[in-house]
Amino acid sequence: MSIDYDSPVPLYAQIEEQLRIIITQPEYKNGKKLPNEVDLAKQLGVSRNTLRQAINKLVFEGLLSRKKGIGTVVEKTSISSKAKNWLSFSQEMKAQGITPTNYELHINWERPPSDVCAFFDLKENTKILKLDRLRGNPEYPFVFFRSYFSPRVGLTGNEDFSRPLYDILEKECNSIAKTSKEEISALAADKFLADKLDVKVGDPILKRKRFVYDPGGRALEWNVGYYRADSFIYTLEFERNI
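Presented here is an overview of the structure given in this document. Source: prediction; values computed, not measured.

Bringing the packing of aromatic side chains into the picture now. What the rule picks out here adds up to nine aromatic pairs. Relative to F142, the ring of Y140 has its centre 6.4 Å away and its plane inclined at 65°; by these criteria the two rings are edge-to-face. For F142, a relative accessible area of 3% gives the class buried. Between F144 and F192 the ring centres are 5.3 Å apart and the planes differ by 80°, which places this aromatic pair in the edge-to-face class. Here F144, found in strand β5 (residues 141–149), pairs with F192, found in helix α8 (residues 191–197); they are 48 residues apart in sequence, far enough to count as distant. Of note, K57 hangs over the ring of Y213, and the distance from its end group to the ring centre comes to 5.3 Å.

Right, dumping it as structure tokens:
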């Protein structure tokens, strides 16, 4: 691996692109570890934070994984599909002719869970902005959202979060939400979600995690939404390359 320090392409993006090529080699697919971060950062002449930014992107894409006591290895290939476009909640609702409605909105500065720290590459004692929102249609709430934001974005907590979130990021913080990786799963409602969504404990809930990046591949938002199963259908449309 080598870095062009005179290139306009950010260092972490150069590293990310080279890692994508390297991990397709048979020895890495068969379980060979990547060099440890300290050695690789020295070899490339970059900081560990710069290197981690590149590695974290591949980890959250499911291409690499960090294994305690082992190191960073290539994940076994799995079948996945990607949608070419994605919408914010407000856009999704308006596309269906539904007026998005806010029922609760809470803002706090707090230390996030360890997986959120890893996503943003933060020290675990760092406080960042957390936004909780209970949203739905004019008749009733059907989704509870929790978002954490990179401190690099520059949100103060004084923004009008009743407005569309990505409009705020773009117009007030000069941060464009470009790419979203999503994970969909199901779970049974606990008491907290049952109270928020007006369902019974144990009722089915759709869990939708969203990892949002800017055009440079830098993490902007970590988000999870919990939807009433009787009020939300997640539809994807794919096009084959032929």
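Resuming the write-up.
As a further point, take empty space enclosed by the protein. Going through the model one piece at a time under the given rule, you end up with one cavity of 30 Å³ or more. What the largest cavity holds in volume is close to 170 Å³. Contributing to the lining of the largest cavity are 16 residues, with F89, R133, F145, Y166 and R210 lying nearest its centre. Secondary structure elements with two or more residues in the lining of the largest cavity: α5 (89–95), β4 (128–136), α7 (165–173), β7 (204–213) and β8 (219–228). Here the lining of the largest cavity is built from residues that sort into six nonpolar, four polar and six charged.

Scoring rules and cut-offs
- Residues numbered from 1 in each chain as written.
- Predicted model: local features only at pLDDT ≥ 70, side-chain atom pairs only at ≥ 80, totals over all residues.
- Heavy atoms only, no water.
- Phe/Tyr/Trp six-rings, centres within 6.5 Å; stacked < 30°, edge-to-face > 60°.
- Buried < 20%, exposed > 50% of the residue type's maximum accessible area, 1.4 Å probe, protein only.
- Helix = DSSP H or I, 4+ residues; strand = E, 2+ residues; numbered from the N terminus.
- Lys NZ or Arg CZ within 6 Å of the ring centre and 35° of its normal.
- 1 Å grid on protein atoms, 1.4 Å probe; cavity = no way out; pocket = protein on both sides within 12 Å on 5 of 7 lines; lining within 4 Å.
- Points joined across faces, edges and corners; volume = space filled by probe spheres on them.
- Nonpolar A, V, L, I, M, F, W, Y, C, P; charged D, E, K, R; others polar.

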